[in-house]
Amino acid sequence: MKDSKTIDFSTVLASAVHDMKNSLCMLIQSIDFLSHEAQKRNDKDSDELAKLHYEASRLNTNLMQLLSLYRAERDQLPLHIEEHYLDDVIDEIITKNALYIENNQLEVDTCVDDELVWYFDIDMISNLLNDIFINALRYSKGKIYISARLNEGGLQVIIEDNGEGYPERMLKIQDMPMQDVDLNAGRTGLGLFFSRLIATAHTNADKEGKITLENGGTLGGSKFTLFLP
Amino acid sequence: MNALNRYVEKSFLIIDDFADYRTSLKNILIGIGAHHIDGAANADAAIELYREKKHDIILCDYKLGDGKDGQQVLEELHYREVLRNDTIFIMVTAENTMDMVVGAIEFSPDEYLTKPFTKQTLRTRLDKIYIKKEVLKPILKALNRQDLPSAMEHCDTLIANKSKYSLSCYKTKVDCLLKLGEYKKALSLLLKIAKQRELVWVLLGIGKCYLCLNHYEKAIKAFQKSLKINRFALSALDYQAEAFCALGEYNKALTSINNALKLSPKSLHRYKTEAFIATRLNDDTTLLKANRSVMSFAETSLSVKEGEVLSYLNSLVKAINLSTGTIETRLINEFTLELKKQLKTHKKSPQMQVSLNIIKAQYLSLSNDDIALNKMVSDISKQIIGLEGTIRSYLKGQLSYLKNTYSDIFNMSSVFMEYYISLSINNCEQYNELKANELHNKAIEESNTKERIKILKTAFTYSPHNFNMALDYLQAVIKAKGQAIDLSNDELSIFELSVQTAKDIDPADHRNTLFRNYLKQL
């Protein structure tokens, strides 16, 4: 007979996440609505709302990552690989964050051929790129550059900013296993770990996807590269 | 039309069980210029509303609480033939865990959207769908008219012009070829696409083609490959089960079906397959469980078919026979209540009354009440003599079941045997799947229609639940009709069985289109 005191964490997690997601969803949509109304009135509340929107989006992303990591651990992470146009994906990410970009007067440039297609899980990769993009927005000093092209038998998507670049610590942990990462140090490695997980889950023939963090690039700040075979 | 005010004229239907979310989404839609917005909290309300107003765009949440889910809404709109071909159906999901179902294209939403999404995201997606629909208009129009060859021609044009939507066109082409029964052509196209990239839907399509070409082992291999990439590809599990059944490997079939049921317990078709497999395995426990599921599922959606009711009651009697104590008491209660309910429901159907009474007799035989049993048998005999009109297959089935499983009761009245013979019921109990497949393949090579029917008839008796055989038999009968060839009584009764079998094909299966076309020609 099952011990009634034992909690089945998977059920707890699943229903908690479901509830949280619903609330967050309402929150984000409400904030979005209020932001647009404030913007129309040229209200200075618009700034504060943009911040709210940003944080709520981060929460949502983290939640999604948590769920994915949990599923991946139990080998239950399904990837729905389909053909997608990169310009659509990137346009959407920029549109999603339009509020923050406007309010902080950031300049976002892209270089993506409108014929460029590749094969990946749209939800996972959008989430991954959005997360990196949000980080770039925060740490950038005004400029962001996104490019995508075919290279070395796969797709390369690069997100660069003109900020301070990745701290040395982050450059070091990009290949470290999760448990060795120090979660107390500022920018946690969770997003990074998740990105790595999703990238490597995308396989083709014998090749695996991967992510690379560097400093420098065309804008002199951080440079994030996603490779999908 | 000016893209900026495109949505002012469009009508929207929001389907979500959470009232606050419906309001929130309504605000978003107003934000993109929409004026005509309706909301529904569940599938039934949604379908009624849509029937009335035929909205341009439907935003439906996948999870709708206790009743039907979003996918079932789409399917039902389709079955009832109310869905306009230019209505855009968007499935709204909370997370990326869509069970991969690959059936005919009309059962796929136009787009999936993950919550939360902003106004801009929604507008951008909708704009893209409209642009796509505009480009694909000639194809959609042809599909509307059921003119599949034209649709395929238009697909080819777009592909030749290296359209952005080429992959969509390939998908549509494959869909058309499958519906026309052109499996070899579909396979060749899919293998070509697979060389570029082994997408799950491509692998599933390849498996499907092999399945329909009776290459069951190759089909299983293709399905296993697709499951390796995505463990949640429901179609792969369903078709894999079918392939295993066709090979007589029922244990493996049961594993596949159980895996599918774990992922998606909301499928009548799946439970019926489980029941069939359980019968073949003589697994009475699973059979009862499956029959119960069929009954409870059917109650919430469409009405239950007579055959399903009888199957359920039959398995209850069997279960009662094998159990004791409190379990036996509970089963007896379940049986008594259900029998009473069904006798009442079908009181105007003499054939159902006979069938139900036969089951009652089966039940009475478990106790030592010979007097009651004798009286029952006598009553049934009188009822049988009084039957008129075309005899339904469920009654034939029940009589066969009685003869095979309760021969003692069957032999109690000469009326049973005489009636059985008069109905020329084909006894398809000697399953031999491998022999059936051999004969089936031989029949395909046979060009003489009369000869082909003869071989198929024999093949079918060895594997009467095989969809491919049933469809090939129907096709042969159509040919015979065209050549003014008469069919013997035996051949006619197999024809009837083929139709019964083909009726069990999942509505989302492409072969269903083929089946309906055959019926039109018969």
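Read on for an overview of the structure. All of these numbers come straight from a predicted model, not from anything done at the bench.

The subject of this paragraph is the overall build of chain B. The number of helices and strands found in chain B is 26 helices and five strands. Compactness check: chain B gives a C-alpha radius of gyration of 26 Å against a globular reference of 24 Å for 522 residues, within 12% of the reference. Each principal axis of the C-alpha atoms in chain B carries an extent, and together these give about 80 × 55 × 40 Å. By residue count, 53% of the 522 residues in chain B fall in the buried class. Considering only contacts within chain B whose residues lie at least 6 apart along the sequence, 64% involve residues at least 24 apart. Within the structure as shown, chain B displays about 24300 Å² of accessible surface, and the carbon and sulfur contribution to it stands at 51%. Taking the average place of the 71 positive charges on the side chains of chain B and the average place of its 62 negative ones, the gap between the two points comes to 5 Å.

Every contact between the two is made by 37 residues of chain A and, on the other side, 36 residues of chain B. Taken together, both faces of the contact between chain A and chain B bury some 3300 Å²; the carbon and sulfur share is 52%. Taken as a group, Gln 29, His 80 and Glu 92 of chain A account for 18% of the area that chain A buries against chain B, more than any other trio of residues on that side. For the pair chain A and chain B, the interface holds four salt bridges.

Here we come to the nonpolar core. By size, the foremost hydrophobic cluster in this structure holds 118 residues, and its most contacted members are Leu 129, Phe 133 and Leu 226 of chain A. Apart from residues no more than four positions distant in its own chain, Leu 129 of chain A is found in contact with Val 89, Ile 93, Val 157, Ile 159 and Leu 226 of chain A.

Bringing unusual backbone geometry into the picture now. All names here are of chain B. Of note, the bond from Lys 115 into Pro 116 is cis; its omega dihedral lies within 30 degrees of zero at -10 degrees. Among the secondary structure elements, Pro 116 is positioned in the loop between strand 5 (111–114) and helix 4 (119–135). For Gln 146, which is not glycine, the phi dihedral falls at a positive 65 degrees. Unusually for a residue other than glycine, Lys 162 sits at a positive phi of about 50 degrees. Secondary-structure assignment places Lys 162 in the loop between helix 6 (148–160) and helix 7 (166–179).

This paragraph deals with the environment of Ser 35 of chain A. All names here are of chain A. Summarising the element assignment, Ser 35 is placed in helix 1 (residues 9–40). Taking relative accessible area as the criterion, Ser 35 reaches 0% and is therefore assigned buried. For Ser 35 and His 53, which are 18 residues apart along the polypeptide, the C-alpha to C-alpha distance reads 8.4 Å. Ser 35 has contacts with Leu 49, Ala 50 and Leu 99, leaving out every residue within four places of it along the chain.

Looking now at the sheet that holds strand 4 (residues 143–151) of chain A. Residues and elements named next belong to chain A. The five strands are arranged 2-4-5-9-8 in an open sheet whose pairing can be described as mixed. For this open sheet the edge positions go to strand 2 (107–112) and strand 8 (210–215), each flanked by a neighbour on one side alone. Geometrically, the sheet is characterised by an average inter-axis angle of 15 degrees between neighbouring strands, direction not taken into account. Alignment of strand 8 against strand 9 (residues 222–228), held across six bridges, turns out to be antiparallel. Each bridged residue has a counterpart across the sheet, and for Thr 212 the counterpart in strand 9 is Thr 225. Sheet strands in contact with helix 3 (residues 86–96) are strand 2, strand 4 and strand 5 (154–161), and its direction is about 170 degrees off that of strand 2.

Residues Ile 7, Phe 9 and Val 12 of chain A make up a contiguous nonpolar surface patch of roughly 310 Å² in combined accessible area. As for its placement among the helices and strands, Phe 9 of chain A is situated in helix 1.

Residue and element names in this part refer to chain B. In contact at an axis separation of 10 Å, helix 16 (residues 325–345) and helix 17 (residues 350–364) are set at 160 degrees when each is read in the N-to-C sense. The angle between helix 16 and helix 17 places the two elements in the roughly antiparallel class. The crossing of helix 16 and helix 17 is left-handed. Where helix 16 abuts helix 17, its residues Ile 332, Phe 335, Leu 339, Gln 342 and Leu 343 lie against Gln 353, Leu 356, Asn 357, Ile 359, Lys 360 and Tyr 363. Class assignment of the residues belonging to the contact of helix 16 with helix 17 gives a composition of seven nonpolar, three polar and one charged.

Before going further, it helps to spend a moment on helix 5 (residues 122–139) of chain A. All names here are of chain A. Helix length check: helix 5 (18 residues) gives 25 Å between terminal C-alpha atoms against 26 Å at 1.5 Å per residue, within 8%. Judged by how many residues are buried, helix 5 sits mostly within the fold: 14 of 18 residues are covered. Of the residues that open helix 5, the one with a side-chain oxygen 3.1 Å from the backbone nitrogen of Asp 123 is Asp 121.

So, on to the sheet that holds strand 4 (residues 88–93) of chain B. Residues and elements named next belong to chain B. With parallel pairing, five strands are arranged side by side in an open sheet as 2-1-3-4-5. Only two strands of the sheet have a single partner each, and these edge strands are strand 2 (36–40) and strand 5. On average, adjacent strands in this sheet sit at an angle of 20 degrees to one another, irrespective of strand direction. With five bridges connecting them, strand 3 (residues 57–61) and strand 4 associate as parallel partners. By the bridge assignment for strand 4, Ile 58 is matched with Phe 89. Strands strand 1 (11–15), strand 3 and strand 4 of the sheet are contacted by helix 3 (residues 70–79), whose axis makes an angle of about 165 degrees with strand 4.

Overall, the coordinates contain eleven aromatic pairs over all chains when judged by the stated rule. Measuring from centroid to centroid gives 6.1 Å for Tyr 7 of chain B and Tyr 130 of chain B, while their planes differ by 55 degrees, and the two rings are tilted. Separated by 123 residues along the polypeptide, Tyr 7 of chain B in the segment before strand 1 and Tyr 130 of chain B in helix 4 bring together distant segments of the chain. Of the residues examined, Tyr 130 of chain B reaches a relative accessible area of 13% and is grouped as buried. Over the aromatic face of Tyr 85 of chain A sits the side chain of Lys 164 of chain B, whose NZ or CZ is 4.6 Å from the ring centroid. Over the aromatic face of Trp 118 of chain A sits the side chain of Arg 197 of chain B, whose NZ or CZ is 5.6 Å from the ring centroid.

Rules used throughout
- Residues numbered from 1 in each chain as written.
- Chains lettered and ligands numbered in written order.
- Predicted model: local features only at pLDDT ≥ 70, side-chain atom pairs only at ≥ 80, totals over all residues.
- Heavy atoms only, no water.
- Helix = DSSP H or I, 4+ residues; strand = E, 2+ residues; numbered from the N terminus.
- Rg over C-alpha atoms; globule rule 2.2 N^0.38 Å.
- Buried < 20%, exposed > 50% of the residue type's maximum accessible area, 1.4 Å probe, protein only.
- Contact = heavy atoms within 4.5 Å.
- Areas by Shrake-Rupley, 256 points an atom, 1.4 Å probe, with all protein chains shown as cover.
- Lys, Arg positive; Asp, Glu negative; His and termini not counted.
- Charge placed at Lys NZ, Arg CZ, Asp CG, Glu CD.
- Buried area = accessible area lost by both parts, 1.4 Å probe.
- Salt bridge = Lys/Arg side-chain N within 4 Å of Asp/Glu carboxyl O.
- Core = buried A, V, L, I, M, F, W, Y, C linked by side-chain atoms within 4.5 Å.
- Pairing = 2+ DSSP bridges.
- Axes fitted to C-alpha atoms, helices over the stretch in contact; angles between N-to-C directions.
- Patch = residues over 30% accessible without salt bridge, like charges linked within 9 Å, V, L, I, M, F, W, Y side chains within 5 Å.
- Parallel < 35°, antiparallel > 145°, perpendicular 65-115°, else oblique.
- Left-handed = near helix turned anticlockwise from the far one by under 90°.
- Nonpolar A, V, L, I, M, F, W, Y, C, P; charged D, E, K, R; others polar.
- Expected span 1.5 Å × (residues − 1).
- Polar contact = N/O pair within 3.5 Å; in protein donor to acceptor, adjacent residues only side chain to side chain.
- Phe/Tyr/Trp six-rings, centres within 6.5 Å; stacked < 30°, edge-to-face > 60°.
- Lys NZ or Arg CZ within 6 Å of the ring centre and 35° of its normal.

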